[in-house]
Amino acid sequence: MNNLISILIPTYNQTDTFEKIVTLYSNNAKVKIIVSDDSDDLKIKEKIKAICREKNLSYFKGPQTSAINNWNFLLSLVETPFFVLNHHDDYPNNLYFLDYLENIDPDKTGLVLLPCTSYICNKPHVRVSSRHQKIHIALFRYFPNPMFNIFLAPTASVIISNKLKENNFDNDLKWYVDCEWYLKLLFATRSQKLDILFFKNSRIISNQTKESITNKIKNKLLEIKKYEICKLKRKNLIPNQFISLIQKVFSLFLIFDSKIIRLTNSFNFYSDKK
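For clarity, every value in this text was computed on a predicted model and none was experimentally measured.

A.B. asks: Before we move on, could you go through the overall build of the protein chain and cite the residues and values that matter?
C.D. replies: A tally of regular secondary structure across the protein chain gives 9 helices and 11 strands. Each of the 274 residues in the protein chain was classed as buried or not, and the buried ones make up 49%. Entry remark: accessible area of the protein chain is about 14,600 Å², with carbon and sulfur atoms responsible for 54%.

Written out as structure tokens, the structure is:
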């Protein structure tokens, strides 16, 4: 059968979680795995190549200029009806969503969103549901704002139609790069009148480690944010302060709500044990 979805995996000097992702996907005929490797550690690069040969994956040498250019390079390789950009620290808890993709119309669907659970270093995890995502997108549909993660999820949670692959990441952004990309996808679904669907029975597990890009730029974060906010304002992408404040409060409320649900579920678990 023809592949249904491309799993785009950018790699950089890392193999452990990379092996976990490709092992999960590699024996599924619906999936095409495309690897673009930016590693500058030769031993790791050779190991990634060997894994790709063993599992018959599509391997490419990355542009080795920036992580974002590597992501855009992967987007240019998509030929399947759907694709997802899967960083090495994110993975699905199951592949039920693949069967769901088979039963939807690729000509009418722009995005399929999966819920996620995020673990950020040693902080308490955040569990985001499809309900949270639906509410959040409704809030931003008419007042888009790339300072917020519109989908409340990492890129591995966002399954994208081939029709939207021309929407590249802005390589002049670092902190807001995912958020600005999500905004482009939201605009594109509206302009092309494509549906945004939600599948709650598969979940992305996201583990942000000390080696993540986010953690590496934290010492320059204020400076980076200031520059990028100015750029986004020049592009007229940020609403006025009043609307932005409402969006911030609402986003915090949804995250707080996810924490309450997590604590409630935890309490019920221990109650059931008694």
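A.B. asks: Now, about the packing of aromatic side chains: what can you tell me, with residues and values included?
C.D. replies: Enumeration according to the criterion identifies 7 aromatic pairs in this entry. Each ring, one from Tyr100 and one from Phe199, has its centre 4.8 Å from the other, and the planes form 25 degrees; the classification is stacked. Taken together, the positions of Tyr100 in helix H4 (residues 96–102) and Phe199 in the loop between strand S10 (195–198) and strand S11 (204–208) put the pair 99 residues apart, joining distant regions of the chain. Accessibility expressed as a relative area gives 10% for Phe199, which makes it buried. Summarising the aromatic geometry, the rings of Trp181 and Tyr182 are spaced 6.0 Å apart at their centres and angled 40 degrees between planes, so their arrangement reads as tilted.

A.B. asks: Any chance you could break down helix H6 (residues 177–191) for me, citing the residues and the numbers?
C.D. replies: Counted at 1.5 Å a residue, the expected span for H6 with its 15 residues is 21 Å, and the 21 Å between its end C-alpha atoms agrees. Among all positions of H6, only Val177, Cys179, Glu180, Trp181, Tyr182, Leu183, Leu185, Leu186, Ala188 and Thr189 are buried. Packed against the buried residues of H6 are helix H3 (67–75), strand S6 (109–113), helix H5 (130–141), strand S9 (158–161), S10 and helix H8 (221–234). Immediately downstream of H6, the backbone of Lys193 shows phi near 55 degrees, a positive value.

A.B. asks: An account of the nonpolar core is requested, with residue identities and associated values reported.
C.D. replies: If you look at the biggest cluster of nonpolar residues, it comprises 35 residues, and the most contacted ones within it are Leu8, Leu111, Phe151, Val158, Ile160, Phe169 and Leu185. If you list the elements that add at least two residues to this core, you get H3, strand S4 (82–85), S6, H5, S9 and H6. It is H6 that provides the largest number of residues to this core, a total of 7 residues. Contact partners of Leu111, with chain neighbours within four places excluded, come to Phe151, Val158, Ile159, Ile160, Leu164, Leu185, Thr189, Asp195, Ile196 and Leu197. In terms of nonpolar packing, the next biggest core, distinct from the first, is built from 34 residues, Ile5, Ile7, Ile21 and Phe97 among them.

A.B. asks: Which residues make up unusual backbone geometry, and what values go with them?
C.D. replies: For residues other than glycine, phi is negative in most cases, and the peptide bonds are mostly trans. Positive phi, close to 60 degrees, is recorded for Asn56, a residue that is not glycine. One can find Asn56 in the loop between helix H2 (42–54) and strand S3 (58–61). Unusually for a residue other than glycine, Gln64 sits at a positive phi of about 55 degrees. By secondary structure assignment, the location of Gln64 is in the loop between S3 and H3.

A.B. asks: Run through the packing of helix H1 (residues 16–25) against H2, naming residues and quoting values.
C.D. replies: Direction vectors running N to C along H1 and H2 enclose 10 degrees, while the axes themselves pass 11 Å from each other. Considering their axes alone, H1 and H2 lie roughly parallel with respect to each other. Taken together, the residues of H2 that come into contact with H1 (itself represented by Phe18, Glu19 and Val22) are Lys47, Ile48, Ile51 and Cys52.

The rules behind these values
- Residues numbered from 1 in each chain as written.
- Predicted model: local features only at pLDDT ≥ 70, side-chain atom pairs only at ≥ 80, totals over all residues.
- Heavy atoms only, no water.
- Helix = DSSP H or I, 4+ residues; strand = E, 2+ residues; numbered from the N terminus.
- Buried < 20%, exposed > 50% of the residue type's maximum accessible area, 1.4 Å probe, protein only.
- Areas by Shrake-Rupley, 256 points an atom, 1.4 Å probe, with all protein chains shown as cover.
- Phe/Tyr/Trp six-rings, centres within 6.5 Å; stacked < 30°, edge-to-face > 60°.
- Expected span 1.5 Å × (residues − 1).
- Contact = heavy atoms within 4.5 Å.
- Core = buried A, V, L, I, M, F, W, Y, C linked by side-chain atoms within 4.5 Å.
- Axes fitted to C-alpha atoms, helices over the stretch in contact; angles between N-to-C directions.
- Parallel < 35°, antiparallel > 145°, perpendicular 65-115°, else oblique.

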